[in-house]
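Residue-level structure breakdown
Given next are the chains, with one letter for each unit.
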Amino acid sequence: MKRILSLLVVIVLVFGTTQNAVAQERGEWSFRGGVGWFSVPDFIGALVAGLGSIDTSEGVTRQEFIPLLNPNVGIYCSMNDWFSLGTSFTVGYSTAKTVMADTGRVNKSVSVLYPSVYIGGISKYYSYGKFSIYGLYGVGAALYSVTQFSDGENRHQLTFSPMADVYPIGLSYGGQVSGFIEGGWGSRGFVNVGVSVKL
């Protein structure tokens, strides 16, 4: 009987300690800032420039595609010890152009600025000490500001489009301040690195 009572006491203490740890984790806010490279819109732009569909004029000597870094920030609140819910904001920019062989002047160009806003979550798969493996997912919308130069004049267009962030693999290490690297498919880039700070 004493052994049973002792076992019950141990179970209650362990359960209480676990619940307390989870309660401290729940409701905790964190701010994330990162920089990604080569996002989905960049990838599509690279295909367009690479396949030559941006300009098929005679005398075009080369095509250039320049994806820039995509800064992104987000704030998340932990729902429990394995899932956080929040929102993020990303700004991306890329440009493609063609150059004439004889004069070296730009014949055609396309520049795209695309800020995007997401609502999503971070799902932790595994955690050991300061190291954790997680996935980041989100849905949102992007505003595409497209500037095209052709025939000596600029044309500007604004369009909205739904977007999704799917980053199935993320690695982080740290405590109050931690560094992370994420890989996936979205507006941040195929690779996104940054810092997370618990508030």
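Report follows, based on the coordinates. (Residues numbered from 1 in each chain as written. Predicted model: local features only at pLDDT ≥ 70, side-chain atom pairs only at ≥ 80, totals over all residues. Heavy atoms only, no water.)

Here we look at the environment of Lys108
Basically, it comes down to this: Every helix listed is a DSSP run of H or I at least four residues long, and every strand listed is a run of E at least two residues long, numbered separately from the N terminus.
In this structure, Lys108 sits in strand β5 (residues 106-128). Separated by 42 residues in the primary sequence, Lys108 and Ser150 place their C-alpha atoms 4.8 Å from one another.

Considerations on the nonpolar core
Our working definition: What makes a nonpolar core is a set of buried Ala, Val, Leu, Ile, Met, Phe, Trp, Tyr and Cys residues whose side-chain atoms join them at distances within 4.5 Å. Accessibility here uses a 1.4 Å probe with only protein chains present; expressed as a share of the type maximum, an area under 20% marks a residue as buried, one over 50% as exposed, and anything in between as partly exposed.
One finds Val112, Tyr114, Tyr118, Ala142, Tyr144, Val146 and Met163 forming the largest nonpolar core, which totals seven residues. Elements that contribute at least two residues to this core include exactly β5 and β6 (131-150). Of all hydrophobic cores here, the second largest spans six residues; its members include Ile122, Tyr134, Tyr167 and Phe180.

Comments concerning the environment of Val35
To keep it simple, the criterion reads: Note on contacts: a residue pair qualifies if any of its non-hydrogen atoms lie within 4.5 Å across the two residues.
Counting through the fold element by element, Val35 comes out in strand β1 (residues 29-37). Val35 sits in the partly exposed class, given a relative accessible area of 36%. Put simply, Val35 and Val191 are 156 residues apart on the chain and 8.5 Å apart in space, counted from C-alpha to C-alpha. Among all residues touching Val35, those that are not within four sequence positions of it are Leu69, Asn70, Pro71, Asn72, Val191, Asn192 and Val193.

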